Amino acid sequence: MDLESNFEIRRTAEFILSRNFTRVALQFPDDMLKYSTNVVTSLRNELGSGNKVGLFVMADTTFGSCCVDEVGASHIDADCVIHYGQTCLSPTSTLPAFCVFGKASISISHCVEKLSSYFWTNDKPIVVLYGLEYAHAISRIKEALVEAMPKAKVELYFADVMCSIINPLEDHRKSDGLLGCLGSCTSNNSLRATTGIRYSLGGLIWDLPEGQRMEDYLLLWIGPDNSAFSNVVLTFNGCEIVRYDATEDRLVTDVSQQKRILKRRYYLVERAKDANMVGILVGTLGVAGYLHMIHQMKELITVAGKKAYTLVMGRPNPAKLANFPECDVFVYVSCAQTALLDSKEFLAPVITPFEAMLAFSRGSQWTGAYVMEFRDLINSSPLEARKQPEEARFSFLKGGYVEDVELQENGDGENEVSLALANSTEKALQLHDRDADSLVKGIAKSGAEFFITRSYHGLEMHANSALPEPYLIGRSGKASGYKDEKTENETC
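Residues numbered from 1 in each chain as written. Predicted model: local features only at pLDDT ≥ 70, side-chain atom pairs only at ≥ 80, totals over all residues. Heavy atoms only, no water.

## A short note on the overall build of the protein
Then, in step 1: Secondary structure summary: the protein contains 15 helices and 21 strands in total.
Then, in step 2: Each of the 492 residues in the protein was classed as buried or not, and the buried ones make up 45%.
Then, in step 3: Carbon and sulfur atoms make up 50% of the accessible area of the protein, which amounts to about 27,000 Å² in all. (Helix = DSSP H or I, 4+ residues; strand = E, 2+ residues; numbered from the N terminus. Buried < 20%, exposed > 50% of the residue type's maximum accessible area, 1.4 Å probe, protein only. Areas by Shrake-Rupley, 256 points an atom, 1.4 Å probe, with all protein chains shown as cover.)

What follows is the structure, encoded as structure tokens:
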């Protein structure tokens, strides 16, 4: 591996020196951590011995490795973060970042051969998206495709990389990608439309002519089947999608397995509608606008008549979430590439903020459009307060009509609040456990009610016995030999 080229040592040093940073955090994913010592050595040589720049390697990230770990960088009081490997290019909140995508190996000739043979049989215009690790080879792939298909009348649109430098986003309500990038993002394609519709996804940006839709195009993805590709499949689920796998040198035309994820997500939305208590999982502390989205989710859940709890636990797993059995569903606020959790092993489903808006907004319907980036939902209006009495809602899982009970009454004064709490507790105490070995939620609407209804079937208390049981004196001495145990000498 060419260390200087793959890790962009010279560009990184120029970025550090141009902004006079003195404490720099180097964020490596787990699979690239083995190169960290060599990268630090090369960076020190490039920076020069006279520059007293502190370089700190961050080995373990708080949340997903694709996001800039501002929490870990704040522990060492870093001025900026150099991010290596796969990234979602989500805007940061406080620290600037320089992203090194890496240069994954790809055979230009084999790729062009596979793509050109498929394009001859296709009559749709094509939009080419790719993993950021292949951005270094896209310009050569485009030139080779033009040479291999001189007479073809295929319209090709190649996406551009937004930028490799992330500056903190001052206005979190803006969702137009990266702002204030150093320099200009060089364009490696010839977009035919000077004015039209602009799309951005996963750090890529491209324009389409006026009046055109993404459903009219064939979408080609160059890269592996990872979270970035899942983001593309869900966002543009109405497009015909083809994927070129560079590691296996094959063209995958059947992506129906990825599109089945939509059926699973729709099922989770229906389960979330029947939830009484919702846990909001904080999946990022660095992506701009995450606090606003958490507050928006709280407001949405509260107005829907449900109880919300905010949980911060780093990377969620089944063992962590099992400690909160009172939550019927969890809403995961994170970047687009880590938002989809395979919650089959979890006790409760985990949904995205977009799915939460579908589930908790009365009367909303899923049109097929899917939004992965929660920053695109910040500008959307939250659920309006109920002005009319709500009718019963049909539950597909329960097979009947159910009513959503409001948690909070519109009462004033501490007395009314105390009375409401007393009535709620009294209802919870009247719930009976039908099965002695089961954990019953009943109709609990808050964590307090849920824990009141829990029953511990361990020690048997004999309340009818008037006389206390006699006590017994236990063993005394050391565990290696209690006083009542016979030693080897005594037995002999």
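Let us keep going from here.
## Remarks on the sheet that holds strand β9 (residues 196-201)
Then, in step 1: Reading across the sheet, the three strands line up as β7-β10-β9 and stay open at both edges, with antiparallel pairing between neighbours. Strands with a single pairing partner mark the edges of an open sheet, and in this sheet they are β7 (160-161) and β9.
Then, in step 2: In the sheet, β7 pairs with strand β10 (residues 204-209) via two bridges, with the strands oriented antiparallel. Paired with V161 across the two strands is L204, which belongs to β10. (Pairing = 2+ DSSP bridges.)

## Structural notes on the pattern of salt bridges
Then, in step 1: Evaluated as defined, the whole model comprises nine salt bridges.
Then, in step 2: Two residues, R250 and E248, come together in a salt bridge whose shortest N-O distance is 2.4 Å.
Then, in step 3: For R250, a relative accessible area of 38% puts it in the partly exposed group.
Then, in step 4: Across the pair R265 and E355 runs a salt bridge whose closest N-O atoms are separated by 2.7 Å. Here R265, found in helix α9 (residues 261-273), pairs with E355, found in helix α12 (residues 353-360); they are 90 residues apart in sequence, far enough to count as distant.
Then, in step 5: For R265, a relative accessible area of 3% puts it in the buried group.
Then, in step 6: With relative accessibility at 0%, the residue E355 sits in the buried group. (Salt bridge = Lys/Arg side-chain N within 4 Å of Asp/Glu carboxyl O.)

## Section: the packing of α9 against α12
Then, in step 1: α12 packs onto α9 with a crossing angle of 50° between their chain directions and a minimal axis gap of 8 Å. Our classification of the angle between α9 and α12 gives oblique. Of the two possible hands of crossing, α9 and α12 adopt the one that is right-handed. Mapping the contact onto sequence places R265, V269, A272 and K273 in α9 and E355, L358, A359 and F360 in α12.
Then, in step 2: Of the residues in the contact of α9 with α12, the class split is five nonpolar, no polar and three charged. (Axes fitted to C-alpha atoms, helices over the stretch in contact; angles between N-to-C directions. Parallel < 35°, antiparallel > 145°, perpendicular 65-115°, else oblique. Left-handed = near helix turned anticlockwise from the far one by under 90°. Contact = heavy atoms within 4.5 Å. Nonpolar A, V, L, I, M, F, W, Y, C, P; charged D, E, K, R; others polar.)

## With respect to the packing of aromatic side chains
Then, in step 1: This structure, assessed with the given rule, holds eleven aromatic pairs.
Then, in step 2: Residues F15 and F98 carry aromatic rings whose centres are separated by 5.2 Å and whose planes lie at 25° to one another, so their mutual orientation is stacked. Highlighted residues: F15 in helix α2 (residues 9-18) and F98 in strand β4 (residues 97-100), separated in sequence by 83 residues. For the pair formed by F15 and F98, the shared burial category is buried.
Then, in step 3: Linked through ring pairs, F7, F28, Y35 and Y84 together constitute an aromatic cluster. (Phe/Tyr/Trp six-rings, centres within 6.5 Å; stacked < 30°, edge-to-face > 60°.)

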